Amino acid sequence: MSEKVVVTGAAGFIGSHLCEALLNDGYQVLGIDSFNPNYDVRIKRINIDEISGNGDFELIESSLNDLDLEKHVADAGAVFHLAAQPGVRDSWSRRFDEYIDANIRATQVLCEACRGKPLKRFVYASSSSVYGDTEQLPMNEAHPTKPHSPYGVTKLSGEALCLLYKRNFGLPAVALRFFTVYGPRQRPDMAFHKFIAGGLDGNPIEIYGNGTQTRDFTFVSDIVDACMRAKDYHGEESVFNIGGGSRIALNDALDILTGALPNEGVEVIFSDPVKGDVMHTYADIALARNELGYEPKMGMEEGIVREIEWVGSMRRKLHSE
Ligand code: NAD
Ligand code: UGA
């Protein structure tokens, strides 16, 4: 009998790739996803379309906040907690309630359910947004956490919850701080997805600020690899940066992206910076390298081409419905 693992946020961008990798490795996967309307739910259905027919995959369509989670995690070997309300720039104002429910409340409910269970690993999808705006680059895990967005505050709270359940009840938690993830299935609110869609449609691409902000972009298969390594980790560390290994200015990333699009002459407009956005991110990944054996593999030229191909195929599927 193969081992059971639980993946929350299973129909999302990163969660759906992780489920595929786990199924390929022979695990029985229980996916939980609320299919919330944060973005077009048809995209989430397409994300898990292929694995839906796999006999080792079971899907529960519900919010974590509404489930009797204990019975679902009781016989699991590992839990990957990716469900969240993501997105830095939308986390202001009344929408903050959604961030509290999904990122803090749901994490607490899940930690409670996992308490005292024979789990070997609990992997929490944390975020570079816990660090905030800094000139101290690259940032390592000891860098002060000073979130610059309400989203970052909730992701840091979620991380703190996992680690306090570890200290108090021995929850085998590790937090992986992902740095701006891209690739096939990237969320439609994220930069590359928006730029590709704008470019393909002949609409202007909007850059917030002057484009000199830098990001440590990380391809989704590298993130999945880090999750798999964290599952098998037996060491004592609790928090790891998971980045792509370099940083690039947004303007330079856009040059690579427009160069890879089939159409030429993409119009770019520069608008005001958006509150909550940090200027720079750059992960020091030495700890993940040393402890997890993590090494990012995907280069940006190839990674962007893969995302462009996916945006095209996803849109064809949506139009044929
Ligand atoms: P996503 O929105 O594509 O996936 C999250 C999924 O969680 C969605 O399908 C949503 O329906 C589900 N969900 C939300 N609230 C839920 C709840 N209460 N119960 C059950 N399901 C719920 O987002 P993503 O980009 O794949 O992000 C996955 C995780 O990685 C999140 O925790 C996010 O904070 C973290 N992260 C993402 C990035 C990135 O660049 N994409 C970077 C850092 C961290
Ligand atoms: C991303 C994810 O959206 C968050 O969920 C995640 O937690 C965060 O990474 C992280 O690393 O922790 P972000 O870096 O804002 O957040 O990712 P993108 O949406 O890809 O934005 C990258 C850059 O492009 C930002 O500077 C943003 O201001 C800019 N941008 C985005 C634009 O200039 N125009 C757009 O239309 C969208």
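Going by the structure above, here's the rest.
Trainee: Is there a simple way to explain the overall build of the chain in this structure?
Mentor: A count of helical and extended segments in the chain gives ten helices and 13 strands. Here the chain has a C-alpha radius of gyration of 19 Å; the compact-globule value for 321 residues is 20 Å, and the two agree. Each of the three principal axes of the chain carries a C-alpha extent, and together these read 60 × 45 × 40 Å. By the burial criterion, 54% of the 321 residues in the chain qualify as buried. In the chain, of all internal contacts separated by at least 6 residues, the share reaching a separation of at least 24 is 83%. One finds the centroid of the 32 positive side-chain charges in the chain at a distance of 4 Å from the centroid of its 46 negative side-chain charges.

Trainee: I keep staring at the pattern of salt bridges and nothing clicks. Help me out?
Mentor: Pairing between side chains becomes possible if they bear opposite charge and their charged atoms approach one another. Per the stated rule, a full pass over the model turns up 19 salt bridges. Notably, a salt bridge pairs Asp90 with Arg95, separated by 3.7 Å at the nearest N-O pair. Its relative accessible area of 41% is what places Asp90 among the partly exposed residues. Asp189 is the partner of Arg187 in a salt bridge, and the nearest nitrogen-oxygen pair spans 2.9 Å. Several salt bridges converge on common partners, so that one network encompasses Asp40, Arg42 and Glu321.

Trainee: Is there a simple way to explain the site of ligand 2 in this structure?
Mentor: The environment of ligand 2 is made up of 23 residues, and the closest members are Arg89, Ser127, Ser128, Tyr151 and Asp277. One of the backbone N or O atoms of Glu206 is found 2.8 Å from a nitrogen atom in ligand 2. A distance of 2.9 Å separates an oxygen atom of ligand 2 from a polar side-chain atom of Arg215. Relative to its free-state accessible area of 700 Å², ligand 2 is covered by the protein chains to the extent of 95%. For the shell around ligand 2, the residue count by class is eleven nonpolar, six polar and six charged.

Trainee: I keep staring at the sheet that holds strand β4 (residues 78–81) and nothing clicks. Help me out?
Mentor: Adjacent strands of a sheet form backbone hydrogen bonds with each other and so pair up, either parallel or antiparallel. Spatially, the seven strands line up as an open sheet ordered β3-β2-β1-β4-β5-β6-β11, and their pairing is parallel. Pairing within the sheet leaves two strands with one partner each, and these edge strands are β3 (57–61) and β11 (239–242). Strand after strand, the sheet turns through a mean of 20° between neighbouring axes, direction not considered. Against the sheet, helix α1 (residues 13–24) contacts β1 (4–8), β2 (28–33), β3, β4 and β6 (173–178), and its axis sits at roughly 170° relative to β1. Along the sheet, helix α5 (residues 150–169) makes contact with β5 (121–127), β6 and β11, crossing β5 at roughly 160°.

Trainee: What is the right way to read helix α10 (residues 300–320) from this model?
Mentor: Two residues of an α-helix separated by three or four positions point the same way, owing to the 3.6 residues in each turn. For α10, with 21 residues, the first-to-last C-alpha span of 30 Å sits near the 30 Å given by 1.5 Å per residue. For α10, the secondary structure elements touched by its buried residues are α2 (41–52), β7 (181–182), α6 (191–201), β10 (218–219), β12 (248–249) and α8 (250–260).

Trainee: What am I meant to see in the site of ligand 1 here?
Mentor: Around ligand 1, a shell composed of 30 residues is seen, among which Asp33, Tyr39, Tyr151, Val181 and Arg187 lie nearest. Gly12 places a polar main-chain atom, nitrogen or oxygen, 3.5 Å from an oxygen atom of ligand 1. In the model, an oxygen atom of ligand 1 is placed 3.3 Å from a nitrogen or oxygen of the Asn36 main chain. If ligand 1 stood free it would expose 830 Å²; the protein chains cover 97% of that surface. When contributions to the shell around ligand 1 are tallied by element, the ones reaching two or more residues are α1, β5 and α5. Per element, the largest residue contribution to the shell around ligand 1 is three residues, and it comes from β5.

Trainee: Hey, could you run me through the state of the cysteines in this one?
Mentor: Two cysteines, two sulfur atoms, one covalent bond between them: this is a disulfide. Counting across every chain of the model gives zero disulfides. With no disulfide partner, Cys162 has as its closest neighbouring cysteine sulfur the one in Cys111, 4.1 Å distant. Residue classification places Cys162 among the buried residues on the basis of a relative accessible area of 1%. Left without a disulfide partner, Cys227 is nearest to the cysteine sulfur of Cys19, which lies 11 Å away. Cys227 sits in the buried class, given a relative accessible area of 0%.

Conventions adopted
Throughout, a residue's number is its position along its own chain's written sequence, starting from 1. As they are written, the chains are lettered A onward and the ligands numbered 1 onward, keeping that order. Given that this is a predicted model, residues contribute local features only at a pLDDT of at least 70 and side-chain atom pairs are listed and counted only at 80 or more, while totals for whole chains, interfaces and linings are drawn from all residues. The side-chain values count all of the structure's non-hydrogen atoms but skip hydrogen atoms and water molecules. Put simply, DSSP marks the helices as runs of H or I at least four residues long and the strands as runs of E at least two long, and each gets a number from the N terminus on. Atoms counted for the radius of gyration: C-alpha only. Globule rule: 2.2 Å times residue count to the power 0.38. Under the scheme applied here, a residue whose accessible area is under 20% of the maximum for its type counts as buried, over 50% as exposed, and between as partly exposed, the area being computed with a 1.4 Å probe on protein chains only. Residue contacts are defined here by distance: any two heavy atoms, one from each residue, within 4.5 Å place the two residues in contact. His is not counted here, nor are the chain ends, while Lys and Arg score as positive and Asp and Glu score as negative. We put the charge of a Lys on NZ, of an Arg on CZ, of an Asp on CG and of a Glu on CD. The term salt bridge refers to a pairing of a side-chain nitrogen on Lys or Arg with a carboxyl oxygen on Asp or Glu at a separation within 4 Å. If a single non-hydrogen atom of a residue is within 4 Å of a molecule or strand, that residue counts as near it. Any pair of N or O atoms that falls within 3.5 Å is considered a polar contact. Within protein, one atom must be able to donate a hydrogen and the other to accept it, and sequence-neighbouring residues count only if both atoms are side-chain atoms. Throughout, the Shrake-Rupley method with a 1.4 Å probe supplies accessible areas, and for residues the shown protein chains are the sole cover considered. Each residue gets one of three labels, nonpolar for Ala, Val, Leu, Ile, Met, Phe, Trp, Tyr, Cys and Pro, charged for Asp, Glu, Lys and Arg, and polar for the others, Gly among them. Pairing between strands is defined by DSSP: at least two bridges between them are needed. Every angle, taken between N-to-C directions, lies between 0 and 180 degrees, and every axis is a line fitted to C-alpha atoms, over only the stretch in contact when it is a helix. Expected span of a helix, by definition, is 1.5 Å for each gap between consecutive residues, and there is one gap fewer than residues. Two cysteine sulfur atoms make up a disulfide if the distance between them is within 2.5 Å.

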